[in-house]
Amino acid sequence: MPPPAVPRLEVVSLADGPSAIEPPRSLAPRLRWTPAEPAEGTLTVLTIEPSPRGQPIFEARARTGEQPIPLAPLRGGGYLGLVAAPIGKAEVPIQVDVTLIDGTRISQSLTLRVATRTFPATRLSVARRFTAPDERTLERIRRERELIRAALREVNPTPLWRGPFVLPLEGPTTSPYGQRRLFNNELRSRHTGHDIDGDTGDPVYASNSGRVALSHDLFFSGQAVYLNHGLGFYTAYFHLSERLVNNGEWVDKGQLIGRVGATGRVTGSHLHWALYLRGNHLDPLSLLEAGFARESERLLLEPTALAVAP
Ligand SMILES: [Zn+2]
């Protein structure tokens, strides 16, 4: 296990000019990330909180590389952001810029060290039309890729999920996230979701509340539903026999959104459950971690966030 990262502190400027006294480290906002040593392919929660001895935070911003990390307020004056620890990345650099209530600006940078994980491999046989699609099908695949990209582009600035996530379907795992795959010995890919065994017609529930970003029949994913949970984060439900929600619709946690099926590129009926965070496919099981639930419970949720226009 790599040693936990230690944030580096830098005071960029002080409201009263360079003659002002630098705040000691104990007054700087506290940065924490849960889990402390994220594994490849998981979601990490970053929290930024005012030091108990310091000033309240007026404004906070965070980014990884050039990509901003949207932040949501926590009770007690802190902020929460979601960070991807993608497969194949040993480190994730994070930059946090905070302005305290007295105008002091503090920059902190840290490097999340990502723990390596061993993913199993498997060989699959599927219909040849899925590994060698014709020209018309290729055109359909291109069109759908664009549709999905557009649906997942929106970064809702407020969290739309509420408290802990739940499994969308109870059942044995048939294929874990990250599994390396050989289709008919030809096409190599990596499993981008978590497969749960089920019979055609079994109910599929929303793993948390959010807005339907896309409800569509797709070539590879079959009947598919994508839910937007805010802060650039989405869950998806594939290979359904039936979709029971429409684009733009609000869904509550535990709401029936579809039924298990065997549509799209499949070898049998099951649910493919997926997690997307701003361009990264991550393991949806990381949503069920106690740490994620605990931090989610601390979100400061304004009742107006859910209000619809009168
Ligand atoms: Zn799958």
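Residues numbered from 1 in each chain as written. Predicted model: local features only at pLDDT ≥ 70, side-chain atom pairs only at ≥ 80, totals over all residues.

Visitor: I'm lost on the overall build of the chain in this one. Help?
Guide: From N to C terminus, the chain includes three helices and 22 strands. Looking at the 310 residues of the chain, the share that counts as buried comes to 37%. Within the chain, residue pairs in contact and separated by at least 24 positions form 69% of the contacts whose partners lie at least 6 positions apart. (Helix = DSSP H or I, 4+ residues; strand = E, 2+ residues; numbered from the N terminus. Buried ≥ 20, exposed ≤ 12 C-beta atoms within 10 Å, placed from the backbone. Contact = placed C-beta atoms within 7 Å.)

Visitor: Just to check I follow, could you spell out the environment of Ala 36 for this structure?
Guide: In this fold, Ala 36 is placed in the loop between β2 (30-34) and β3 (42-49). Exposure remark for Ala 36: the 13 C-beta atoms within 10 Å place this residue in the partly exposed category. It is 9.5 Å that separates the C-alpha atoms of Ala 36 and Val 114, two residues lying 78 residues apart in sequence.

Visitor: Whenever I open this one, the sheet that holds β2 confuses me. Can you help?
Guide: The strands that make up a sheet are held in pairs by hydrogen bonds between backbone atoms, and each pair lies either parallel or antiparallel. Taken in spatial order, the four strands of this open sheet run β2-β3-β7-β6, and their pairing is antiparallel. What marks the edges here is a single partner per strand, and that holds for β2 and β6 (71-73). Across the sheet, the mean angle separating the axes of adjacent strands is 25° when strand polarity is ignored. Both β6 and strand β7 (residues 79-85) contribute to a ladder of three bridges, which runs antiparallel. Considered in β7, the bridge of Pro 73 is made with Tyr 79. (Pairing = 2+ DSSP bridges. Axes fitted to C-alpha atoms, helices over the stretch in contact; angles between N-to-C directions.)

Visitor: Can you help me understand the nonpolar core in this one?
Guide: Within soluble globular proteins, side chains that are nonpolar tend to cluster in buried spots. Core analysis: the largest hydrophobic core is formed by 59 residues, its most contacted members being Val 225, Tyr 226, Ala 236 and Tyr 237. Both domains that furnish three or more residues to this core are identified here as domain 1 (30-116) and domain 2 (121-278). Once residues within four sequence positions are removed from consideration, Ala 236 is found in contact with Ala 224, Val 225, Tyr 226, Ala 274 and Tyr 276. (Core = buried A, V, L, I, M, F, W, Y, C linked by C-beta atoms within 7 Å. Domains from an automatic or database assignment.)

Visitor: Just checking my understanding: could you explain unusual backbone geometry for this structure?
Guide: Here the residue pair Thr 34 and Pro 35 is connected by a cis peptide bond, since its omega of -5° sits within 30 degrees of zero. A positive phi angle, near 60°, is found at Leu 231, a position not held by glycine. On the secondary structure map, Leu 231 appears in the loop between β17 (222-228) and β18 (233-243). The phi dihedral of His 239 falls on the positive side, at around 65°, and the residue is not glycine. Structurally, His 239 can be placed in strand β18. Residue His 239 is classed as buried on the basis of its 27 C-beta neighbours within 10 Å.

Visitor: Help me understand the environment of Leu 301 in this model?
Guide: By the element assignment, Leu 301 lies in the segment after α3 (290-296). With 16 C-beta atoms packed within 10 Å, Leu 301 lands in the partly exposed category. Once the C-alpha coordinates of Leu 301 and Arg 162 are considered, the two residues, 139 residues apart in sequence, prove to be 8.9 Å apart.

Visitor: It is not clear to me how the pairing of strand β9 (residues 105-113) should be interpreted in this structure. Could you clarify?
Guide: The side chains of a regular strand alternate between both faces of the sheet. Of the pairings in the sheet, the one linking strand β8 (residues 91-100) to β9 comprises nine bridges and is antiparallel in character. Note on β9: the bridge partner recorded for Ile 94 is Leu 110. Taking the residues between adjacent antiparallel strands as the criterion, β8 and β9 are bridged by four residues, where Gly 103 takes a positive phi near 95°.

Visitor: What should I look at first to understand the confidence of the model for the chain in this one?
Guide: The predicted coordinates of low-pLDDT regions are not to be read in fine detail. With 85% of its residues at a pLDDT of 70 or more, the chain has an overall mean of 88. Note on residues 13-21: pLDDT under 50 across the span, and six contacts to partners over four residues away in sequence or across chains. Within the model, pLDDT remains below 50 along residues 304-310, and this stretch shows one contact once partners closer than five positions in the same chain are excluded. (pLDDT = per-residue confidence, 0-100.)

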